[in-house]
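# Understanding the architecture of this molecule
Listed below are the residues making up each chain.
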Amino acid sequence: VLLAMQYTERRSLFACDQAAIFSNKSLEVVPGLRTNLVNKSLSCKLGGEFKTALNTAIFDAVWSKVIDDGIFKLYSWTVKVDPDCVF
């Protein structure tokens, strides 16, 4: 629901010139907006002193997909944004 609203209202990451959503499931968020499939579980353990997500392998898989897609080369900069991020 959050991504659909942001897409419809051109907010958050959808206020940018280009946006992509990565998931381990192929989904149509709204008509015309599909997730990019990453063949990696998005589940991870918590650990360390502060019990943070041990998600380096997930980030590596997503960034590999970003690089393989090559769309980032058409722009001056690329940023990773969580849907609930405010900027």
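Within the structure shown, the criterion is met by one aromatic pair. Taking 5.3 Å as the distance between ring centres and 90° as the angle between the ring planes, the aromatic pair formed by Y7 and F14 counts as edge-to-face. Accessibility assignment for this pair places Y7 and F14 in one class, buried.

Take the environment of Q6 next. The topology assignment puts Q6 in helix α1 (residues 2-9). Residue classification places Q6 among the buried residues on the basis of a relative accessible area of 6%. C-alpha separation for the pair Q6 and P83, spaced 77 residues apart in sequence, amounts to 8.4 Å.

Once that is clear, we can look at α1. When α1 is considered as a whole, its buried residues turn out to be L3, A4, Q6 and Y7. Axial view of α1: buried residues confined to an arc of 165°, hence all on one face. Summarising the contacts, the buried residues of α1 are in contact with β2 (28-30) and β3 (33-34). Positioned one or two residues after α1, R10 has a phi angle of 55°, which is positive.

Moving on to the pattern of salt bridges. Under the counting rule described, the total for this entry stands at three salt bridges. Linking E9 and R11 is a salt bridge whose minimum nitrogen-to-oxygen distance equals 3.7 Å. Classification of E9 by relative accessible area gives partly exposed; the value is 43%. As a salt-bridge pair, D82 and K80 come within 2.5 Å of each other at their nearest N and O atoms. With relative accessibility at 39%, the residue K80 sits in the partly exposed group.

Criteria and thresholds
Residues numbered from 1 in each chain as written. Predicted model: local features only at pLDDT ≥ 70, side-chain atom pairs only at ≥ 80, totals over all residues. Heavy atoms only, no water. Phe/Tyr/Trp six-rings, centres within 6.5 Å; stacked < 30°, edge-to-face > 60°. Buried < 20%, exposed > 50% of the residue type's maximum accessible area, 1.4 Å probe, protein only. Helix = DSSP H or I, 4+ residues; strand = E, 2+ residues; numbered from the N terminus. Arc of directions from axis to C-beta. Contact = heavy atoms within 4.5 Å. Salt bridge = Lys/Arg side-chain N within 4 Å of Asp/Glu carboxyl O.

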